Amino acid sequence: MKNILVFGGCGFLGFYLVRELTNRGYKVTIADVFLRDEQHLQGVDFIKCDIFIECDVKNVFEQKKFDVVYNLAGFANLDSAIKQPIKTMELNVLGNMYILEQCLSHGIPKYVYASSAYAMSNKGSFYGISKLASEKIIEEYHKRFDLSFTILRYGSVYSERAYDNNYIYNLIKKAVLENRIEHGGDGEEIREYIHAADAAKLSVDVIESEEFNNIHVVLTGTERMKRGDLFNMINEIMNNNIEIIYSNSGYHNHYKFTPYSFEPSVSKKLIANPHIDMGQGILECIRAVHNKENV
């Protein structure tokens, strides 16, 4: 029986991942800031941990030997991350590095990182940047220290559980309570929704086959759906009693049709003219050394 450590195991996707791991016979330990739901933690160990506190992370790894480490912790809400860029980088980048360092120190054979489709997009603002930065850091840890990894890029995950980053649940909640759906875009945006339970199954599959070692895996649904079609489906299920409002004003940080972006950074070369001659510059360096060292 393998010991699995899940940072962020009490979160939205973490709930389903922990359940799937235990259903498959793994021994699971959750490292999270607080216990959200006691019921699903039966037979699962819990260690309180804030990934931004390095000694907290270190303490988790000192409890027992782990075979696989998942990192689902940190900011997972794009809109919240935009409002708190420093905290986003602290949790999603620095916190991730604290975990990576302990993985190295304790010889962890496998590291699984929960990234996002926004890591591939220029629309993800600080959230997407933090995820991409962490991906690059993980890749470098593999190159330098041979830490085996799998990066999971999740896109449009939903479920029936209440979490602040569960878009569809919160959308339906507003529709039920207020008989209205408000959307900042035009409804033409396309998403490939995947239920969190299905995402969790795929997230466990990747540790049971070597074909997923040291690669990036995109986890989305198979059916493409426009936001507007989603709203109309909800409205029809609720007997067409929902008012759907499009403001076309607040969706510029989200991708419209695809998270994939190609935007090469172009640099402009500036040449000093007139400039200090290279020979003269070297001569000045030699003089400086002589003067400083009293040669």
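Residues numbered from 1 in each chain as written. Predicted model: local features only at pLDDT ≥ 70, side-chain atom pairs only at ≥ 80, totals over all residues. Heavy atoms only, no water.

Regarding the side chain of Gln102
Inspection of the secondary structure puts Gln102 in helix H4 (residues 85-105). When its relative accessible area of 9% is taken as the criterion, Gln102 is described as buried. (Helix = DSSP H or I, 4+ residues; strand = E, 2+ residues; numbered from the N terminus. Buried < 20%, exposed > 50% of the residue type's maximum accessible area, 1.4 Å probe, protein only.)

Some words on the packing of aromatic side chains
Per the stated rule, a full pass over the model turns up eight aromatic pairs. Between the aromatic rings of Phe15 and Tyr16, the centroid separation amounts to 5.0 Å while the plane-to-plane angle is 85 degrees, which identifies the pairing as edge-to-face. Tyr16 carries the same exposure label as Phe15, and that label is buried. An aromatic cluster is built from Phe7, Phe61 and Phe66, whose rings are joined through pairwise contacts. One residue, Arg161, lies across the ring of Phe15, its end atom 3.7 Å from the ring centre. Across from the ring centre of Tyr167, 4.2 Å away, lies the NZ or CZ of Arg227, which sits over that ring. (Phe/Tyr/Trp six-rings, centres within 6.5 Å; stacked < 30°, edge-to-face > 60°. Lys NZ or Arg CZ within 6 Å of the ring centre and 35° of its normal.)

Observations concerning helix H5 (residues 125-145)
The terminal C-alpha atoms of H5 lie 30 Å apart, and with 21 residues this matches the ideal 30 Å at 1.5 Å per residue to within 8%. On its buried side, H5 packs onto helix H3 (78-83), H4, strand E5 (110-116), strand E6 (149-154) and strand E11 (215-219). Backbone geometry just after H5 places Asp146 at a positive phi near 60 degrees. (Expected span 1.5 Å × (residues − 1). Contact = heavy atoms within 4.5 Å.)

Comments concerning the packing of helix H6 (residues 167-178) against helix H8 (residues 227-237)
Axis separation between H6 and H8 bottoms out at 11 Å; the angle between their running directions is 45 degrees. Classified by the angle between their axes, H6 and H8 sit oblique to one another. The element H6 and its partner H8 pack so that their crossing is right-handed. In this structure, H6 contributes Tyr167, Ile168, Leu171, Ile172 and Ala175 to the contact, and H8 contributes Arg227, Leu230, Phe231 and Ile234. Residues of the contact of H6 with H8, tallied by class, amount to eight nonpolar, no polar and one charged. (Axes fitted to C-alpha atoms, helices over the stretch in contact; angles between N-to-C directions. Parallel < 35°, antiparallel > 145°, perpendicular 65-115°, else oblique. Left-handed = near helix turned anticlockwise from the far one by under 90°. Nonpolar A, V, L, I, M, F, W, Y, C, P; charged D, E, K, R; others polar.)

Purely geometric numbers; function is a separate question.
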